[in-house]
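Here is how the chains run, residue by residue.
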Amino acid sequence: MSDPSTWPTDFDALWNYDQPAESEQQFRALLPVAERSGDHGYLAELLSQIARAEGLQHKFDAAHTTLDRAAALIGARPSRAGVRYLLERGRVFNSAQQLPQAHVLFSEAWELAQALYEDGYAVDAAHMLAIVAPPEQKLAWEQRALALAEQSAQPRARGWLGSLYNNIGWSYHALGQHEQALAMFERALDARTAAGDAQAIHIARWCVARGLRALGRHTEALAAQQALQHTLDARGASDGYVYEELGENLLALGQAEAARPYFARAYTELAQDPWLAESEPERLARLQALGTNA
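The structure reproduced in this document is the subject of the present report. (Residues numbered from 1 in each chain as written. Predicted model: local features only at pLDDT ≥ 70, side-chain atom pairs only at ≥ 80, totals over all residues. Heavy atoms only, no water.)

### Thoughts on the overall build of the protein chain
Regarding its fold elements, the protein chain presents 16 helices and 0 strands. C-alpha atoms of the protein chain, sized along the principal axes, occupy 70 × 35 × 35 Å. For the protein chain, with 294 residues in total, the buried portion stands at 44%. Long-range contacts, defined as pairs at least 24 residues apart, comprise 54% of the intrachain contacts of the protein chain with a sequence gap of at least 6. Carbon and sulfur atoms provide 53% of the accessible area of the protein chain, an area that totals close to 14,600 Å². Across the protein chain, the 25 positively charged side chains and the 37 negatively charged ones have centroids separated by 1 Å. (Helix = DSSP H or I, 4+ residues; strand = E, 2+ residues; numbered from the N terminus. Buried < 20%, exposed > 50% of the residue type's maximum accessible area, 1.4 Å probe, protein only. Contact = heavy atoms within 4.5 Å. Areas by Shrake-Rupley, 256 points an atom, 1.4 Å probe, with all protein chains shown as cover. Lys, Arg positive; Asp, Glu negative; His and termini not counted. Charge placed at Lys NZ, Arg CZ, Asp CG, Glu CD.)

Here's what the structure looks like:
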């Protein structure tokens, strides 16, 4: 690890976003060599990712302390480390629901990343601006991110395409523009299929089917969800969201009795999600009612 050519430089490849504590330990294992290296930019980027992991664990004070250390290393000269610092400081504020502070930092990251031709981080910044911006600005920021990702030759930028198509699809869905939403979901599926991530492909297929249901194309949507269920069954896996959609499409097709067990299975699984239980209790109550024998 003393040879700079052996140091990990793609910190994103070390991430497991579902396990931020584990990722934090991975990054901290690199600290001794980074601290001895004298490479302030490398150390600052590493610290930014430690701070991100801390923020995802809601260790906000610790994350800001880590970012203070990174800021002291970066200095005034524009750099990729500076972009990553701005992104991660913004993400900590966003996680803490301090959106105005996050918006300022993501805006600075967007401008700096473009100036440095760091397309991937510019797309990341625009993506985050879509999250923290007022609702009327959300789609515009997603479209800016997509335009840059589509025209960029940089793999880090193009790697955002699947997520961006998906996000824009849901923005159109929320606006009731379901034809446009379905088109974006289909593009997301193409991008996910090309990338080869099985879980991402599963989600993208589900979104396409959800888009079909929103258009009243229930027979097609049902067939698509049944295909997903077949794949899940073959793996011995389950997905409450697939069961919910199977129920909704069968119900819309006048098959309430056939829908009932799917609603029951959906409720059993989705009621275990604390976020859903807190944010959409009416949805869960409906699933429970539709899944209960009269």
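### Side note on helix 9 (residues 161–174)
Across its 14 residues, helix 9 extends 20 Å between first and last C-alpha, which sits within 8% of the 20 Å expected from 1.5 Å per residue. Counted residue by residue, helix 9 has 10 buried out of 14 residues, so it is predominantly covered. Considering only its buried residues, helix 9 is in contact with helix 6 (119–132), helix 7 (135–151), helix 8 (155–158), helix 10 (178–195) and helix 11 (198–214). In the stretch just after helix 9, G176 is the one whose phi turns positive, near 80 degrees. (Expected span 1.5 Å × (residues − 1).)

### Looking at the environment of R144
Residue placement: R144 occurs in helix 7. With a relative accessible area of 40%, R144 lands in the partly exposed category. In the structure, R144 is positioned 21 residues away from V123 in sequence and 8.1 Å away in space, judged by C-alpha atoms.

### Topic: unusual backbone geometry
The phi dihedral of H58 is positive, around 65 degrees, even though this residue is not glycine. Mapped onto the elements of the fold, H58 is located in the loop between helix 2 (40–56) and helix 3 (60–74). According to the relative accessible area criterion, H58 is exposed, its value standing at 57%. Phi is positive for Y117, which is not a glycine, with a value near 60 degrees. Judged by relative accessible area, which is 64%, Y117 ranks as exposed.

### So, the packing of helix 5 (residues 99–115) against helix 6
Interhelical geometry of helix 5 versus helix 6 gives an angle of 155 degrees and a closest axis separation of 8 Å. One element, helix 5, and the other, helix 6, form an angle in the roughly antiparallel class. Between helix 5 and helix 6 the crossing geometry is left-handed. Contact residues: L99, A102, H103, F106, S107, A109, W110, A113 and Q114 in helix 5; Y121, A122, A125, A126, M128, L129 and V132 in helix 6. (Axes fitted to C-alpha atoms, helices over the stretch in contact; angles between N-to-C directions. Parallel < 35°, antiparallel > 145°, perpendicular 65-115°, else oblique. Left-handed = near helix turned anticlockwise from the far one by under 90°.)

### Considerations on helix 11
An ideal rise of 1.5 Å per residue puts 24 Å on 17 residues; helix 11 measures up with 25 Å between its terminal C-alpha atoms. Among the residues of helix 11, those classed as buried are A200, H202, A204, W206, C207, V208, A209, R210, G211, L212 and R213. For helix 11, the side-chain oxygen to backbone nitrogen distance between the N-cap and Q199 is 3.0 Å, and the N-cap itself is D197. Once helix 11 ends, the next one or two residues include G216, with phi positive near 75 degrees. (Polar contact = N/O pair within 3.5 Å; in protein donor to acceptor, adjacent residues only side chain to side chain.)

### With respect to the nonpolar core
Formed by 79 residues in total, the largest nonpolar core has its most connected members in L46, W110 and V123. Top contributing element to this core by residue count: helix 6, with 9 residues. For L46, the contacting residues outside a window of four places in its chain are F11, F27, L30, L31 and A34. (Core = buried A, V, L, I, M, F, W, Y, C linked by side-chain atoms within 4.5 Å.)

### Quick word on the pattern of salt bridges
Under the defined criterion, the tally for this structure stands at 21 salt bridges. For the salt bridge of R69 with E35, the shortest nitrogen-to-oxygen distance reads 2.7 Å. Highlighted residues: R69 in helix 3 and E35 in helix 1 (residues 20–37), separated in sequence by 34 residues. Judged by relative accessible area, R69 falls into the partly exposed class, the value being 36%. (Salt bridge = Lys/Arg side-chain N within 4 Å of Asp/Glu carboxyl O.)

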